[in-house]
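What the coordinates show
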Amino acid sequence: MSPPIPALSSVPVRAVPACARATCHPVTMLRQVWPGIDLVLIRGPDGAGTSQVGYLLTVNAKDAPLASIRLAYGDYFFDSGLARPTCDVIGHCFVPAGVGAHGGVLNVVAVSATGRLTDLSAGGKYAADTPDLRGVDLNGDGVDEIVGTVNNYRPDYATGVNYWIVWAWQGRTYVNRGCRMVVPGEKVPSGPVSVAGCPA
């Protein structure tokens, strides 16, 4: 039986340096990323204009803070249209963000067994033409692939064709495995992808 989910109100948000003297709000908790380690998505003081600021905080079973990191990529992190943050069996956690009018980028953060946080986002490389980017285990091994969609812009975004794009973990980084055309109604790619299948 899983332990009860603690109230988000017990999360020590002030352990995030930017939240020590500002109002921040815990939004989502991912339980048991590792045994005894939970991960919390926190909304920090928003930036100028419409941009949002997000942080990740690890806590132990007693809600003691372990480490925090600011999400480096994206304009907004807290929107009902974004996929929920998730983590896979190797402690890689995926936080989607929106960019501009319709783009997206995926923040990928590794959580160690001691709660240490390491950004694996490769400078914001895991980006797509919609905010529907997420970690998905496509082959059933427990290690998530990064899945998103890109558009061929022929003749423009509104009337162009969408393609799945997939990155897979290769021990040190995520490698672009390729693309395939999106079939209406698909939630994930229904067949193999190839680099040659990506729009130019």
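Residues numbered from 1 in each chain as written. Predicted model: local features only at pLDDT ≥ 70, side-chain atom pairs only at ≥ 80, totals over all residues. Heavy atoms only, no water.

**A few points about the state of the cysteines**
- On inspection of all chains with the given rule, the structure shows 3 disulfides.
- The disulfide that involves Cys87 links it to Cys93, with 2.0 Å between the sulfurs. With the S-S bond torsion at 105°, the cross-link from Cys87 to Cys93 turns out right-handed.
- Classification of Cys87 by relative accessible area gives partly exposed; the value is 26%.
- Among the cysteines of the chain that take part in disulfides, numbered as they appear in the sequence, the pairing is 1-2, 3-4, 5-6. (Disulfide = S-S within 2.5 Å. Buried < 20%, exposed > 50% of the residue type's maximum accessible area, 1.4 Å probe, protein only.)

**Section: the sheet that holds strand β13 (residues 174–181)**
- Strand order across the open sheet formed by 4 strands is β10-β11-β12-β13, with antiparallel pairing between neighbours. Each having just a single partner strand, β10 (134–136) and β13 make up the two edges of the open sheet. Each strand axis lies, on average, 35° off the axis of its neighbour in the sheet, ignoring direction. (Pairing = 2+ DSSP bridges. Helix = DSSP H or I, 4+ residues; strand = E, 2+ residues; numbered from the N terminus. Axes fitted to C-alpha atoms, helices over the stretch in contact; angles between N-to-C directions.)

**Topic: the pairing of strand β2 (residues 37–43)**
- Of all 7 residues making up β2, 6 are buried, and the element is well covered by its neighbours.
- One ladder, built from 6 bridges, connects strand β1 (residues 25–34) with β2; its direction is antiparallel. Bridge pairing in β2 places His25 opposite Arg43.
- Hairpin remark: β1 followed by β2, antiparallel, with 2 residues in the connecting loop; positive phi at Gly36, about 80°.
- Two elements, β2 and strand β3 (residues 54–59), share 6 bridges in a ladder whose sense is antiparallel. Residue pairing for β3: Leu41 is matched across the bridge by Leu56.

**What about the pattern of salt bridges?**
- Counted according to the given criterion, the structure contains 2 salt bridges.
- Two residues, Asp38 and Arg31, come together in a salt bridge whose shortest N-O distance is 2.4 Å.
- For Asp38, a relative accessible area of 2% puts it in the buried group. (Salt bridge = Lys/Arg side-chain N within 4 Å of Asp/Glu carboxyl O.)

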